[in-house]
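# Summary of structural features
Residue-level listing of the chains:
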Amino acid sequence: MESKYNYFKRDISWLSFNYRVLLEALDERLPLYERINFISIYSSNLEEFYKIRVADHKAVASGATESDEETVQSARELVEEINKEVTRQLDDRVRIYEQKILPALRKNHIIFYQDNHVEPFHQQFIKDFFREEIFPYLQPVPVSKDKIVSFLRDNRLYLAIRVYPKKEEKNKGEEPKENIEKYTGECINERNDGEGIKVGMEEVRPNVTDLRQPLYFVMKQPYAKVPRFIELPSREKNHYLMFTEDIIKANLNLIFPGYDVDSSYCIKISRDADILIDDTASSADLVAQLKKKVKKRKIGDVCRFVYDRAMPSEFLDFLVDAFRIQRDELVPGDKHLNLEDLRHLPNPNKSLHSLEKPKPMKLTVLDEKEFIFNYVAKKDLLLYYPYHSFEHFIHFLYEAVHNPETREIMVTQYRVAENSAVINTLIAAAQNGKKVTVFVELKARFDEENNLATAEMMQAAGIKIIYSIPGLKVHAKVALIRRRGLNGEKIPSYAYISTGNFNEKTATLYADCGLFTCRKEIVADLYNLFRTLQGKEDPKFTTLLVARFNLIPELNRLIDREISLADEGKQGRIILKMNALQDPTMIDRLYEASEHGVQIDLIVRGICCLIPGQSYSRNIRVTRIVDSFLEHARIWYFGNDGTPKVFIGSPDWMRRNLYRRIEAITPVLAPDLRDSLIEMLNIQLADNQKACWVDDKLQNIFKKRTPGTPTVRAQYTFYDWLNKTNS
């Protein structure tokens, strides 16, 4: 039956979030390079979005795959709508970059050349740098509609170049085509770097019957050999930077002697990066499939062809035909593409300060004299990353390694850091004679190879590895330390349930939380969950909420309770913090609760398909926070008539999380820890610096501080609150 409610489109909602990321580059309160970094994040996010989400829609639109959620026509319309919105955002991105960022750099004595104008005192340096550092790695490849189809690699920058033979060279008795043949033959056959297309001499001979017929070339930018950004000699107080491609453009006449260089423009291809595997395959077959298919990720189907929008239409038409690009794959860009590289922009002005982010603190109750095991045996412990140090979790594992009563260590692995301290500690545990079991989710997108490599390394060290479950992803972030007294007596075991991965690198960037507890009911449930992951039993959970088992019924019960309270004239209250809200069934429940008068605040960082401001959502408000750290925690609050119930865990309210993954959520039962989570939620709702309302048109409406009220920047205000309570 068709729902009476409406929803935002998932991917259009995501574009609204990414646009909010871009808006951080406008915040002049931030250090300049922090603002520049948000342009990088925006660009990187968009690249992955096209490789996964848009690629999926294009596969449906072309008829290559089928979907239960969209038709061929609706997929085509959505791709068109996405491209239109991305093009609109590009106008703002260009405006922010050119009118805000570049002038701010100049104000700080950093001149970032962006056009053809270069100061006379740098011109010789640019020529010399080009000849000595760049020229040896350049390899122009001719483009022909009929004879040569070069392969453009995923996410690599290319220069598309158009040249004309010089008429005067023919009048002097010279033959231009020999020059071009000699040069291209040398570049392709002698300086091939393994990434270009080798073409024999007879294949590169251009058709110059009409000497003024244009010739086209593509040339991959050599960023593996040369940095993207070049620092030029300083002059007085000023520092100078230049894109490598601009240095190349300024010297194209040296690459094509005897030819007039007409124009050149940057282009790039984004390719489908999703990996289609047989999700019902056995673990051994799945490993073999992934090893084979991850290598093909860079040669996937084209999902986006990005080009400098200043390129003339006839130039673009030629490339479209030559590279067999579909018109719905065209996405206009700016003169400089791949601005995710801005995160590497040099900062030659050392007086420019970076952002003083909160430094991870260590809990005073866990000083060198106090073991985490001893503390958690007495009371639950809740850590907030990155405000608290992730070293506490590493130390927790370290204690398990050296505790003689440790019987087994059990951990899930979704995304771990390279050279991970977590993995190294687990290996040490196995080498120390402990039984170690690690569930490795091989289907964690873009981490497949790293997960395979770490799994094989752990297996070699004697760790028992359990691979992905057919048809499911395991997204739960949990660890269990099982203990038994040396004389067989029962002693506490330890459970850890988190909202974030066991990754010490992202733990400094993502805002997450994790609970340590010895509560028997939680430990027992977690042990049952690990047995389920090993395929040993059909469990029953008494305290933990586990997706695909008891999560949905319990969420419905919690929402029904708030509806009943509102119907009785009492306060029904729900606060939900998560990364994404997409599942229409659960959104309908929130709409229904709103219609009954339940007051609902949603703190949703990314995708939010619920539409506020409608008759059926008049009691629902949607807040989005983007700041120094990536908001990643999932925290759910239900008022329960003054005795709140608060949960933390791994899932968002997406279809995939609620129905197609194993997720783990724990109630926070200790009153003081529950209250600290409520304090965090209240601080985030009070944010008047980095918080936005999301309105019914998907606009980000910044919250403004009311005169006389304190300034609240949630991430920093909460850090200060934690610091004061760290005793």
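Cut-offs applied
- Residues numbered from 1 in each chain as written.
- Predicted model: local features only at pLDDT ≥ 70, side-chain atom pairs only at ≥ 80, totals over all residues.
- Heavy atoms only, no water.
- Helix = DSSP H or I, 4+ residues; strand = E, 2+ residues; numbered from the N terminus.
- Buried < 20%, exposed > 50% of the residue type's maximum accessible area, 1.4 Å probe, protein only.
- Contact = heavy atoms within 4.5 Å.
- Pairing = 2+ DSSP bridges.
- Axes fitted to C-alpha atoms, helices over the stretch in contact; angles between N-to-C directions.
- Polar contact = N/O pair within 3.5 Å; in protein donor to acceptor, adjacent residues only side chain to side chain.
- Core = buried A, V, L, I, M, F, W, Y, C linked by side-chain atoms within 4.5 Å.
- Expected span 1.5 Å × (residues − 1).
- Arc of directions from axis to C-beta.
- Salt bridge = Lys/Arg side-chain N within 4 Å of Asp/Glu carboxyl O.
- Phe/Tyr/Trp six-rings, centres within 6.5 Å; stacked < 30°, edge-to-face > 60°.
- Lys NZ or Arg CZ within 6 Å of the ring centre and 35° of its normal.

### Looking at the overall build of the chain
The secondary structure content of the chain amounts to 21 helices and 28 strands. Considering the chain as a whole, with its 727 residues, one finds that 59% of them fall into the buried category. For the chain, the share of sequence-separated contacts (at least 6 apart) that also reach a separation of at least 24 residues comes to 77%.

### Focus: the sheet that holds strand β26 (residues 664-667)
Here nine strands make up an open sheet; going across it, the order is β18-β26-β24-β23-β19-β20-β21-β27-β28 and the pairing mixed. Two strands in the sheet have a free side with no partner beyond their single neighbour: β18 (545-546) and β28 (700-702). Bridge count between strand β21 (residues 620-625) and strand β27 (residues 691-694): three bridges; the pairing is antiparallel. Bridging across to β27, Thr623 finds its partner in Trp693. Contacting β19 (573-578), β20 (599-604), β21, β23 (634-638) and β24 (645-649), helix α20 (residues 671-686) crosses the sheet at an angle of about 80° to β19.

### Things to note about the side chain of Thr406
Topologically, Thr406 is positioned in strand β11 (residues 406-413). One polar contact links the side chain of Thr406 to the main-chain carbonyl oxygen of Ala400, over a distance of 2.8 Å.

### Points about the environment of Glu24
Topologically, Glu24 is positioned in the loop between α1 (10-23) and α2 (32-61). Note: C-alpha distance between Glu24 and Ser628 (604 residues apart in sequence) is 9.8 Å. Glu24 has contacts with Leu30, Arg35, Phe38, Val626, Asp627 and Lys690, leaving out every residue within four places of it along the chain.

### Focus: the nonpolar core
With 83 residues, the main nonpolar core has Leu590, Leu602, Leu610, Trp636 and Trp653 as its most contacted residues. The element contributing the most residues to this core is α2, with 11 residues. Listed in part, the 43 residues of the second largest apolar core include Phe393, Val416, Leu442 and Ile463.

### A short note on helix α4 (residues 120-134)
Over its 15 residues, α4 extends 21 Å from the first C-alpha to the last, a length consistent with the 21 Å expected when each residue adds 1.5 Å. Buried residues of α4: His122, Ile126, Phe129, Phe130 and Ile134, and no others. The buried residues of α4 all sit within an arc of 100° when viewed along its axis, so they share a single face. Those residues of α4 that are exposed and aimed more than 90 degrees away from the buried face are Pro120, Arg131 and Glu132. Those residues of α4 that are buried are in contact with β1 (110-113), β5 (229-235), β6 (238-243), α8 (244-250) and α9 (252-255).

### Quick look at the sheet that holds β6
Read from one edge to the other, the open sheet built from three strands follows the order β1-β6-β5, with strand pairing classed as mixed. Every interior strand has two partners, whereas the edge strands, β1 and β5, have only one. Direction aside, the axes of adjacent strands within the sheet are offset by 25° on average. Bridge count for β1 against β6 is four bridges, and the pairing is parallel. Bridge assignment links Tyr113 to a residue of β6, and that residue is Met242. The strands touched by α4 are β1, β5 and β6; relative to β5, the strand with the most contacts, the crossing angle is about 145°.

### Section: the pattern of salt bridges
Tallied over the entire structure, the rule returns 45 salt bridges. Note that Asp328 is salt-bridged to Lys58, the shortest N-O span being 3.1 Å. Here the residue Asp328 occupies a position in the loop between α11 (313-322) and β9 (330-333), and Lys58 occupies one in helix α2, the gap between them amounting to 270 residues. The class of Asp328 is partly exposed, set by a relative accessible area of 35%. Lys58 sits in the buried class, given a relative accessible area of 11%. The salt bridge partner of Arg483 is Glu405, with a shortest N-O separation of 3.3 Å. Highlighted residues: Arg483 in strand β15 (residues 477-483) and Glu405 in the loop between α13 (391-402) and β11, separated in sequence by 78 residues. With relative accessibility at 13%, the residue Arg483 sits in the buried group.

### Quick word on the packing of aromatic side chains
Applying the stated criterion across every chain, the model contains 38 aromatic pairs. Geometrically, the ring pair formed by Trp14 and Phe17 is edge-to-face, given 6.2 Å between the ring centres and 70° between the ring planes. With Trp14 and Phe17 both in helix α1, this residue pair falls three residues apart, about one helical turn. Accessibility assignment for this pair places Trp14 and Phe17 in one class, buried. One aromatic cluster is present, built from ring pairs that chain together Phe373, Tyr385, Phe390, Phe393, Phe396, Tyr494, Tyr496, Phe502 and Phe516. For the cation-ring pair, Arg93 lies above Tyr97, with the distance from its terminal atom to the ring centre recorded as 6.0 Å. Across the ring face of Tyr50, the terminal group of Arg304 is positioned such that the distance to the ring centre comes to 4.5 Å.

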